[in-house]
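Structure assessment
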Amino acid sequence: MTDFVLVHGAWHGGWCWRDVAGRLRANGHVVYTPTLTGLAERSHLLTRETGLDTHILDIVNLLDWEELDDVVLCGHSYGGMVVTGAADRAAGQLRALVYLDAFVPADGQSLHEMAPPERVAAFERAAAERGGGWKVPPLPASAWLDDPAQQAWVEPKVTPHPLRCFTEPLTLSGAWATVACKMHVLASANDPSPFHAIHAGVASGPDWLRRRIDGPHDLMISHPDETAALLLEAAG
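Residues numbered from 1 in each chain as written. Predicted model: local features only at pLDDT ≥ 70, side-chain atom pairs only at ≥ 80, totals over all residues. Heavy atoms only, no water.

**Looking at the overall build of the protein chain**
The cut-off we apply is this: Helix and strand assignments follow DSSP, with helices taken as H or I runs no shorter than four residues and strands as E runs no shorter than two, numbered in order from the N terminus. Our radius of gyration is a C-alpha quantity, and the globule rule it is checked against amounts to 2.2 Å times the number of residues to the power 0.38. The classification of residues rests on relative accessible area computed with a 1.4 Å probe and restricted to protein chains. Under 20% of the type maximum is buried, over 50% is exposed, and intermediate values are partly exposed. The contact definition used throughout considers only heavy atoms, calling two residues in contact when any of these lie within 4.5 Å. Each accessible area is a Shrake-Rupley result for a 1.4 Å probe, and residues are judged covered by the shown protein chains and nothing else. Charge assignment: positive for Lys and Arg, negative for Asp and Glu; neither His nor the chain ends contribute. Lys charges are placed at NZ, Arg charges at CZ, Asp charges at CG and Glu charges at CD.
Tallying secondary structure elements over the protein chain gives ten helices and eight strands in all. Computed over C-alpha atoms, the radius of gyration of the protein chain comes to 16 Å, within 12% of the 18 Å expected from 2.2 N^0.38 for 236 residues, which places it in the range of a compact globule. Counting only C-alpha atoms and orienting by the principal axes, one finds that the protein chain spans roughly 45 × 40 × 35 Å. When each of the 236 residues of the protein chain is scored for burial, the buried share is 58%. The contacts in the protein chain between residues at least 6 apart in sequence include a share of 74% that link residues at least 24 apart. For the protein chain, the accessible surface area stands at approximately 9,700 Å², while carbon and sulfur atoms represent 50% of it. Computing the positive centroid from 17 side-chain charges and the negative centroid from 29, the protein chain places the two 3 Å apart.

Written out as structure tokens, the structure is:
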């Protein structure tokens, strides 16, 4: 039995892991799908001060209060920023780190430093025009999924994301890199995206596993069987 902690990406919530979590639990594992502060059912907590460090503490505190150890920690997309920061503070509690079509930041980097400049400009413009200058409205579900039925399920669930999460740099000691198993999963049909270059870049690390799923960005929704299988592989 393994403890899995699955961290969603921008605009999403713990709800997006429903099908993956169900498959893992059916195999006897314990699965936590926390919603980060200010998103989804916790959207009433969103403030200007909500940032990347807030979300890192969400996960670090979950690990501590639930007394979790030997955990497989997975982050999707923006969630890669969160799990890297959490792993840097709690590396000793982790068995594996999984990046699901996700950012893998270096010390001092923000998400906006890794995202395409045109996407950064679009986020900042959307926040200025429709988010009071500090909230980024959700992208349409078609940006993440190809199936119309899946898009229709996701569309009413996504909520604005604090811009500060994208601009706040991440301070790392390097402890996160000591986690024994690190896996990056590429959504190969999500192209163009910054994750192709990130996926190629981790190839130089001897303790990295690289895997691909031929699907769109929200693999946990479009390909739950394949996503769950890779999480189980990372668990060993």
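Now that the structure is up, let's keep going.
**Here we look at the environment of Leu172**
Looking at where Leu172 falls in the secondary structure, it is placed in the loop between α7 (164–167) and β7 (181–187). Residues Leu172 and Thr159, spaced 13 residues apart in sequence, show a C-alpha to C-alpha distance of 28 Å. Not counting residues within four places of it along the chain, the set of residues in contact with Leu172 comprises Thr84, Gly85, Asp88, Pro105, Ala106 and Asp107.

**A word on the environment of Gly75**
Within the secondary structure layout, Gly75 lies in strand β3 (residues 71–76). Judged by relative accessible area, which is 0%, Gly75 ranks as buried. Here the alpha-carbon distance between Gly75 and His184, two residues 109 residues apart in the chain, equals 9.9 Å. Beyond its immediate stretch of four places on either side in the chain, Gly75 contacts Val7, Gly80, Val83, Val98, Tyr99, Leu100 and Ala102.

**Notes on the environment of His29**
Position of His29 relative to the elements: it lies in the loop between α1 (18–26) and β2 (30–32). Each C-alpha atom of the pair His29 and Met220 lies 17 Å from the other, and the pair is 191 residues apart in sequence. Once residues within four sequence positions are removed from consideration, His29 is found in contact with Met1, Thr2, Phe4, Leu24 and Leu232.

**A few points about the side chain of His55**
Stated precisely, the cut-off is as follows: Whenever a nitrogen or oxygen atom comes within 3.5 Å of another N or O atom, the pair is scored as a polar contact, on the condition that within protein one atom can donate a hydrogen and the other can accept it, and that pairs from neighbouring residues in sequence are kept only if both atoms are in side chains.
Tracing the chain through its elements places His55 in helix α2 (residues 52–65). On the basis of relative accessibility, which here comes to 0%, the residue His55 falls in the buried class. Engagement of the side chain of His55 in a polar contact is seen with the side chain of Tyr78, the distance being 2.8 Å. Contact partners of His55, with chain neighbours within four places excluded, come to Leu36, Thr37, Leu39, Thr50, Tyr78, Val82, His161 and Cys165.

**With respect to the pairing of β3**
Worth spelling out the cut-off: The pairing criterion for strands is at least two bridges between them, as found by DSSP. Handedness of a crossover is defined as follows: with both strands directed away from the viewer, a clockwise route from the first strand across the helix to the second makes it right-handed.
In terms of burial, β3 is largely enclosed, as six of its six residues are buried. The two faces of β3 match: Val71, Leu73 and Gly75 on one face and Val72, Cys74 and His76 on the other face are all buried. Bridging between strand β1 (residues 3–7) and β3 involves four bridges; their strand directions are parallel. Across the sheet, Val7 pairs through a bridge with Gly75, a residue of β3. Considered for its hand, the β-α-β crossover made up of β3, helix α3 (residues 79–90) and strand β4 (residues 94–100) is right-handed.

**Digging into the pattern of salt bridges**
The following threshold applies: Criterion for a salt bridge: a side-chain nitrogen of Lys or Arg within 4 Å of a carboxyl oxygen of Asp or Glu.
A complete count under the given rule lists eight salt bridges for this structure. The closest approach of N and O atoms between Asp19 and Arg18, which form a salt bridge, is 2.9 Å.

**A closer look at the nonpolar core**
Short version of the rule: Definition of nonpolar core: a set of buried residues of the types Ala, Val, Leu, Ile, Met, Phe, Trp, Tyr and Cys, connected through side-chain atoms within 4.5 Å.
Ranked by size, the top nonpolar core spans 81 residues in total, and within it Val5, Leu6, Leu73, Tyr78, Leu97, Phe166 and Leu231 carry the most contacts. Setting aside residues up to four positions removed in sequence, Leu6 forms contacts with Trp17, Val20, Leu24, Val31, Tyr32, Thr33, Pro34, Cys74 and Leu231.

**Some thoughts on the pairing of β1**
Within β1, five of the five residues are buried, which leaves it mostly tucked inside the rest of the structure. Residues Asp3, Val5 and Val7 line one face of β1 and the alternating positions Phe4 and Leu6 line the opposite face, and both faces are buried. Pairing between β1 and β2: three bridges, direction parallel. Bridged to Phe4 within β2 is Val31. Handedness of the β1-α1-β2 crossover: right-handed.

**Quick look at the packing of α2 against α3**
For clarity, the cut-off: Here an angle of 0 to 180 degrees is reported between the N-to-C directions of two axes, which are lines fitted to C-alpha atoms, with helices fitted over the stretch in contact. Angle categories are assigned with fixed cut-offs, so that under 35 degrees is roughly parallel, over 145 is roughly antiparallel, 65 to 115 is roughly perpendicular, and the rest are oblique. The hand of a helix crossing depends on one turn: near helix anticlockwise from the far one by less than a right angle means left-handed, and clockwise means right-handed. Polarity classes work like this: nonpolar for Ala, Val, Leu, Ile, Met, Phe, Trp, Tyr, Cys and Pro, charged for Asp, Glu, Lys and Arg, and polar for all others, with Gly in that last group.
Where α2 meets α3, the closest approach of the two axes is 8 Å, and the angle between their N-to-C directions is 50°. Taken together, the axis directions place α2 and α3 in an arrangement best described as oblique. Note that α2 runs across α3; the crossing there is right-handed. Only Met81, Val82, Gly85, Ala86, Arg89 and Ala90 of α3 make contact with α2, whose side of the interface consists of Leu52, Asp53, His55, Ile56, Leu57, Ile59, Val60 and Leu63. Of the residues assigned to the contact of α2 with α3, the class counts are ten nonpolar, two polar and two charged.

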